[in-house]
Amino acid sequence: QAKTPTREDTEFRAYSHSEIARDAATIKNSVVMHLTATFLRTPASIDSTHAYLASAFSVRDRLLQRWNLTNEFHDRIGAKRVYYMSLEFLVGRTFDNALLALQLRDEYAGVLGDVGFRLEDVIDEERDAALGNGGLGRLAACYVDSLACMNYPGWGYGLRYRYGMFQQQIINGYQVEAPDCWLDTPNPWEFPRPDVTYPVKFYGRLEHVPGSAHRYRWVSDVVYDAMAFDMPVPGYGTTNVGNIRLWSCKTNGLFDLNKFNAGDYAGATGGQVAAQILTDVLYPNDNTNEGKELRLRQEYLFCSATLQDIVARFKRTGRPLSELPDMAAIQLNDTHPTLGIPELMRILLDDEGLEWDEAWDITTRTFAFTNHTVLPEAMEKWPVPMMDRILPRHMGIIYDINLFFLQRVEKQFPDDRGLLRDISIIEESSPQQVRMAFLACVGSHRVNGVAAIHSDIIKQSIFKDFVRVMGEDKFVNKTNGVAPRRWMNECNPAMSELITEVVGDRSWINDLSKVRALEARVDDEAFRRRWWAAKQANKRRLADYILATTGIRVSPDALFDVQAKRIHEYKRQLMNILSVIYRYHRLKEMAPAERARELPRVVVFAGKAAAGYWVAKQVIKLINAVAEVVNADDEIGDVLKVVFVPDYSVTAAEHIVPASDISQHISTAGTEASGTSNMKFVLNGGIILGTVDGANIEIGEEVGEEQIFFFGCLAHEVADFRHYLRFHQPKPDPALQTAFDMIQRGTFGDAHIFQPLIDSILRGGDVYLLSVDFPSYIEAHKAVEEAYRHRDDWVTKSILSVARMAKFSSDRAIQEYAEEIWNIEPVPVVE
Ligand code: OX2
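The structure presented is a predicted model; accordingly, all values stated were derived computationally and were not measured. (Residues numbered from 1 in each chain as written. Predicted model: local features only at pLDDT ≥ 70, side-chain atom pairs only at ≥ 80, totals over all residues.)

A. Representation of the site of the ligand. Taken together, 18 residues sit near the ligand, with Gly-135, Leu-136, His-372, Ala-673 and Ser-674 positioned nearest. Considering every element that reaches the shell around the ligand, the biggest residue donor is helix 7 (residues 135-149), with three residues. (Near = placed C-beta within 6 Å. Helix = DSSP H or I, 4+ residues; strand = E, 2+ residues; numbered from the N terminus.)

B. Spotlight on the sheet that holds strand 4 (residues 154-159). Taken together, nine strands build an open sheet; the order of strands is 7-10-11-4-1-12-13-17-18 and the sheet is mixed. Strands at the two margins of the open sheet, each flanked by one partner only, are strand 7 (191-202) and strand 18 (475-477). Each strand axis lies, on average, 25° off the axis of its neighbour in the sheet, ignoring direction. The pairing of strand 7 with strand 10 (residues 222-234) spans nine bridges and is classified as antiparallel. (Pairing = 2+ DSSP bridges. Axes fitted to C-alpha atoms, helices over the stretch in contact; angles between N-to-C directions.)

C. The environment of Asp-180, seen in detail. Examined against the element boundaries, Asp-180 turns out to sit in the loop between strand 6 (174-178) and strand 7. Once the C-alpha coordinates of Asp-180 and Val-626 are considered, the two residues, 446 residues apart in sequence, prove to be 28 Å apart. For Asp-180, the residues in contact, after removing those within four places along its chain, are Ala-130, Tyr-163, Gly-164, Met-165, Phe-166 and Gln-167. (Contact = placed C-beta atoms within 7 Å.)

D. Structural view of the UniProt feature "modified residue: N6-(pyridoxal phosphate)lysine" (unreviewed entry) in the protein chain. Feature annotation in UniProt assigns "modified residue: N6-(pyridoxal phosphate)lysine" (unreviewed entry) to the following positions: Lys-680. Apart from the residues within four sequence positions on either side, Lys-680 is in contact with Val-482, Trp-487 and Val-657. (UniProt positions renumbered as here; feature names shortened; annotations may be inferred.)

E. Fine view of the nonpolar core. With 238 residues, the main nonpolar core has Leu-301, Ile-581, Val-604, Val-626, Val-643 and Ile-656 as its most contacted residues. Broken down by element, this core gets its largest block of residues, 10 residues, from helix 7. Of the residues that make up this core, three or more belong to each of domain 1 (78-93 + 128-479 + 818-822) and domain 2 (522-717 + 775-798). Once residues within four sequence positions are removed from consideration, Ile-656 is found in contact with Leu-542, Val-562, Ala-564, Val-604, Ala-606 and Val-645. (Core = buried A, V, L, I, M, F, W, Y, C linked by C-beta atoms within 7 Å. Buried ≥ 20, exposed ≤ 12 C-beta atoms within 10 Å, placed from the backbone. Domains from an automatic or database assignment.)

F. Highlighting the packing of helix 25 (residues 614-631) against helix 31 (residues 751-762). In the contact formed by helix 25 and helix 31, the axes pass within 10 Å of each other and the chain directions differ by 115°. Relative to helix 31, helix 25 is oriented so that their crossing is left-handed. Of the residues in helix 31, those in contact with Val-615, Gln-618, Val-619, Lys-621 and Leu-622 of helix 25 are Ile-753, Phe-754, Pro-756, Leu-757 and Ser-760. Taken together, the residues that form the contact of helix 25 with helix 31 break down as seven nonpolar, two polar and one charged. (Left-handed = near helix turned anticlockwise from the far one by under 90°. Nonpolar A, V, L, I, M, F, W, Y, C, P; charged D, E, K, R; others polar.)

G. Molecular detail of helix 23 (residues 573-589). A rise of 1.5 Å per residue sets the reference length of helix 23, with its 17 residues, at 24 Å; its end C-alpha atoms lie 25 Å apart and thus fit the reference within 8%. Counting buried residues along helix 23, 12 of its 17 residues qualify, which places the element largely inside the surrounding structure. (Expected span 1.5 Å × (residues − 1).)

H. Examining the domain arrangement of the protein chain more closely. Partitioning the protein chain into domains gives domain 1 (78-93 + 128-479 + 818-822) and domain 2 (522-717 + 775-798). Domain 1 and domain 2 are separated by 36 Å when their C-alpha centres are compared. Counting residues at the interface gives 35 residues for domain 1 and 31 residues for domain 2. Within the residue set of the side of domain 1 that touches domain 2, elements represented by two or more residues are strand 2 (89-92), helix 7, strand 5 (167-171), strand 6 and helix 18 (452-460). For the side of domain 1 that touches domain 2, the residue count by class is 13 nonpolar, 17 polar and five charged.

Here it is, written out as structure tokens:
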């Protein structure tokens, strides 16, 4: 029930109100205040680092004011919240995003200009928050952005890694990893919460509570403290401010003074080191699972702290636990947070004393699960002995969940031993393994894939048996989306201005359906020229960025052909570079006059390989080796340039994405669950060269087949090709053979370095079907070139594409999740 306002409440509101001062004098005051009082500088000793820090802290004050207002409001009205649990949040920078959201960009530009700084330079002082690998982590960041912008009550939960995604250096053509010490400078975008700390247990033994059926006491003296840090998430054009709550393992209190006094200095800090390592590093694996013990402990620390926090906050409402699913929806971003399911069971059974059936009902009504991949190497499985040792209580709960589930299956399908074995959460291997995707599926009321084709595939493959047992309705599709705030308005001001002009105002930024209005201008000559000019300006900006990061000079008049994503065999960067080699060969064979008539092209690669992924790292080496030879070839000049942009990141993407003419999304059909950069490139007026895979398919449906270049075999054909290639060596077509020959002749240096890549196609079964798709890939490149030569048609394609892309806003995706899975409603903050 609502309490009567006290004097403190009134004073709180007087401070925490949605109005924020916009006048230059107040802004300047707040910046100078932070400069002097937070950073001990004077206006005379200001540098651009401190210009950034002081301005960022003053923006943060304004955000926190609204953060308080938002959360106090949601508590007061008793709003149901969604909790998006993700081991990854690839946020990138926040300063510019916050300025735009609060509509304070011009004001800060003015104030900074007065003291001699350009806003763009100050923005460049910020380091990315790179707490994620790739698409999965960036999706989580886009989703919390949409929650905030659309006034949905919801938080993200994650881990505050001390070292985020590694920095990629290219040395002698090879990727070299360096630690990402992003917290070395003060981070204005986090708010430490020492008062929000929970103990998390590991190892130990169990004591059954007498007289109970399922209640245990878990006794262990290995207990770590997880402490919260809150990252405010600015909502564009709304008072609402979202939150990402990140846990960090606390080391205070673990210092052993007795050991220190006895001269055992290493022993004295040993406990601190053991604790801290849990939240030290982000595992740099994308779409792979390494099964490391530290990773399991990291996942549990995350899940335990999060579930304890959610239950504690719920209990403060005074409602009975049976109402938890009415107040909280928890979304599992892939299987990484699946331990949240047995952890909620543990809390409800052991701490709260509920009976199994009630606890299970609450749990399954609270959780929902998103699957992001069908790649077998990404499937999380934990050895039963490891799980039993580290989390004895959870292993017991998982056994019981499995037992009750299998009993139900057996009743439904008597005498089907095969089915019981296939569907069991425990895989009968040696040692036995816990299949996390199955646990997530059994413990959730909804399971979704991330694009239409992918949601179909999971129903026919990994969850086939579950569809039989649990019914088809449990399995739904939620096609991914991306945030128009960052991926249009922030990264592409030139195009955004044009859209604003056509729409009449900036409302499209929070309602992307309005970009449809562009269609009406597609024949307007003056508008088309400005559209082209905006793309050219973005290409010049990227050319500068390429020069600054690689020293390579490229012409903005060339076709910009981009593939920027994690380096992975299934994404087939190898096929791309082989086609570049073939192109180089053709150019070399031409007479100069003929070559001069060729369409100049800049082929841009960017992306990181997991540190332990040898093949992917060899692909990076090959790309750089080819770049070195081609770029130095005077005969070739601007007709072909090859660039590997190092250290791909959210910020690098903000430079690269707006500048593509075509971008490549060329995974073997059926392997890329969705892809999200495909959406970003098209939302910025680029055209896709891609396979019939993931969200490419739906993008094609929306923009129309004239606006996309498809090639390659279809998902349903893949199994047969793979089967054939297991037993037959492929016969490369002449183009592919030419590329192999050039490599083997040593054109790009030591041929033997690259032989394993060739062998993966010729002798390794060509699992990703490069030999199958190569001819149609080369044809598709020709079609692209032909189309780009007709500039008029190309501009039409570009405008129509953007106009028809509204579906791929993360706002649409979040609305579908909210209505169909979470059952939550938007509640704009009212003071
Ligand atoms: C990625 C998928 O590979 C990608 O296709 C998808 O767009 C993205 O998640 C967001 O849904 N790790 N990364 C992914 O899946 C996993 C597992």
